[in-house]
Amino acid sequence: MGLKKSHDAPTAGPDERRLPRDLPGLLTALDDPDPLARRWAARDLAQYPESSDALVERLGRETEPSVTAVILTSLTLIGDEIAVAGLTECLRSEDAMLRNAAIEAMKQLPEEVAPWMGRLLEDPDPDVRIFAVDVLESLRHPQVEEWLIRVITQDAHVNVCATAVDLLGEVGSERATPALLALKQRFADEPYIQFAADLALKRISAD
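Structure report, in brief. Worth saying up front: this structure is predicted, and the values here are computed from it rather than measured.

1. Regarding the overall build of the protein
And step 1. Along its length, the protein carries 12 helices and 0 strands.
And step 2. Start at the N end of the protein and walk to the C end: the helices and strands fall as α-α-α-α-α-α-α-α-α-α-α-α.
And step 3. For the protein, the spread of C-alpha atoms along the principal axes amounts to about 65 × 30 × 20 Å.
And step 4. Taken over 207 residues, the protein has a buried fraction of 48%.
And step 5. Taking the intrachain contacts of the protein between residues at least 6 apart in sequence as the baseline, contacts between residues at least 24 apart amount to 61%.
And step 6. Carbon and sulfur atoms form 53% of the exposed surface of the protein, whose accessible area is close to 10,400 Å².

Okay, here's the thing in structure tokens:
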């Protein structure tokens, strides 16, 4: 899904919006039984940063994919701490589509997401840690390599380390070499770790 951070308000024809378009009216429409009304409300609420709480709450119980998509877009446009917290909670969702869409949204907010990365990469749930590494893939933040080195140095879960070393092979520098060598020693009996670490070392030495 293409998400782009912008503060331009979306537009629509007046007959597509039944309730008043002020904040109270939009918040009411966000709970309308009609998915079309909810979708327009979610879209128009991007103009109101104070609505991020309501959008996050609605996201947790929305069942219509098209409405969910617009809520995620509006949260990305708002991009405040509440919005980012709501996006990070989606990483725990059993809904793979929601999870993946939230990851894509987070990638559009590198500066806003950065303060959350430390705790996401140390989350008790290894799946959340893996999804956090997925966010790093396109985060375009100067700390990406540092975060990945920390993962392959400290994380005890082989799948988390495997995901991190794959990405480190794409974005790593000579700085990552000692951590990659240590990873190979730590998971000496894991063929994929050996393969991925060797590939990362080869790519780094070729740069």
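2. Some points on the packing of aromatic side chains
And step 1. Summed over all chains, the structure comprises 1 aromatic pair.
And step 2. Each ring, one from Tyr192 and one from Phe195, has its centre 6.0 Å from the other, and the planes form 50°; the classification is tilted. Residue Tyr192 and its partner Phe195 are located together in helix α12 (residues 191-206), separated by 3 residues, close to a single helical turn.

3. Focus on the packing of helix α3 (residues 52-59) against helix α4 (residues 65-78)
And step 1. At a minimum axis separation of 10 Å, α3 and α4 run at an interaxial angle of 150°. Here α3 lies roughly antiparallel to α4, going by the angle between them. As for the relative orientation of α3 and α4, their crossing is left-handed in sense. Mapping the contact onto sequence places Ser52, Leu55, Val56, Arg58 and Leu59 in α3 and Thr68, Ile71, Leu72, Ser74, Leu75 and Ile78 in α4.
And step 2. By residue class, the composition of the contact of α3 with α4 is 7 nonpolar, 3 polar and 1 charged.

4. Things to note about the pattern of salt bridges
And step 1. For the coordinates displayed, the defined rule picks out 11 salt bridges.
And step 2. Note that Glu62 and Arg38 form a salt bridge whose closest N and O atoms lie 2.8 Å from each other. Taken as a pair, Glu62 in the loop between α3 and α4 and Arg38 in helix α2 (residues 35-44) lie far apart in primary sequence, 24 residues in all. Each of the two residues, Glu62 as well as Arg38, counts as buried.
And step 3. Ionic pairing is found between Lys184 and Asp198, a salt bridge with its closest N-O pair at 2.9 Å.

5. A look at the nonpolar core
And step 1. Of all hydrophobic cores here, the largest spans 65 residues; its most connected members are Met117, Leu136 and Leu180.
And step 2. In contact with Leu180, other than residues within four places in its own chain, are Ile152, Val165, Leu168, Ala197, Ala200, Leu201 and Ile204.

6. Side note on helix α5 (residues 81-89)
Note: α-helices contain 3.6 residues per turn, so residues at a spacing of three or four share the same orientation.
And step 1. Taken residue by residue, α5 has Ala83, Val84, Gly86, Leu87 and Thr88 as its buried positions.
And step 2. Where α5 is buried, its residues meet α3, α4, α6 (96-107) and α7 (110-120).

7. Let's talk about the packing of helix α9 (residues 144-154) against helix α11 (residues 177-186)
And step 1. The geometry of α9 relative to α11 is characterised by a closest axis approach of 9 Å and an angle of 25° between their N-to-C directions. The orientation of α9 relative to α11 falls into the category roughly parallel. α11 is crossed by α9, and the crossing has left-handed handedness. Seen from α9, the contacting residues are Ile149, Val151, Ile152, Thr153 and Gln154; seen from α11, they are Ala179, Leu180, Leu183 and Arg186.
And step 2. Partitioned by chemical class, the residues of the contact of α9 with α11 number 6 nonpolar, 2 polar and 1 charged.

Cut-offs applied
- Residues numbered from 1 in each chain as written.
- Predicted model: local features only at pLDDT ≥ 70, side-chain atom pairs only at ≥ 80, totals over all residues.
- Heavy atoms only, no water.
- Helix = DSSP H or I, 4+ residues; strand = E, 2+ residues; numbered from the N terminus.
- Buried < 20%, exposed > 50% of the residue type's maximum accessible area, 1.4 Å probe, protein only.
- Contact = heavy atoms within 4.5 Å.
- Areas by Shrake-Rupley, 256 points an atom, 1.4 Å probe, with all protein chains shown as cover.
- Phe/Tyr/Trp six-rings, centres within 6.5 Å; stacked < 30°, edge-to-face > 60°.
- Axes fitted to C-alpha atoms, helices over the stretch in contact; angles between N-to-C directions.
- Parallel < 35°, antiparallel > 145°, perpendicular 65-115°, else oblique.
- Left-handed = near helix turned anticlockwise from the far one by under 90°.
- Nonpolar A, V, L, I, M, F, W, Y, C, P; charged D, E, K, R; others polar.
- Salt bridge = Lys/Arg side-chain N within 4 Å of Asp/Glu carboxyl O.
- Core = buried A, V, L, I, M, F, W, Y, C linked by side-chain atoms within 4.5 Å.

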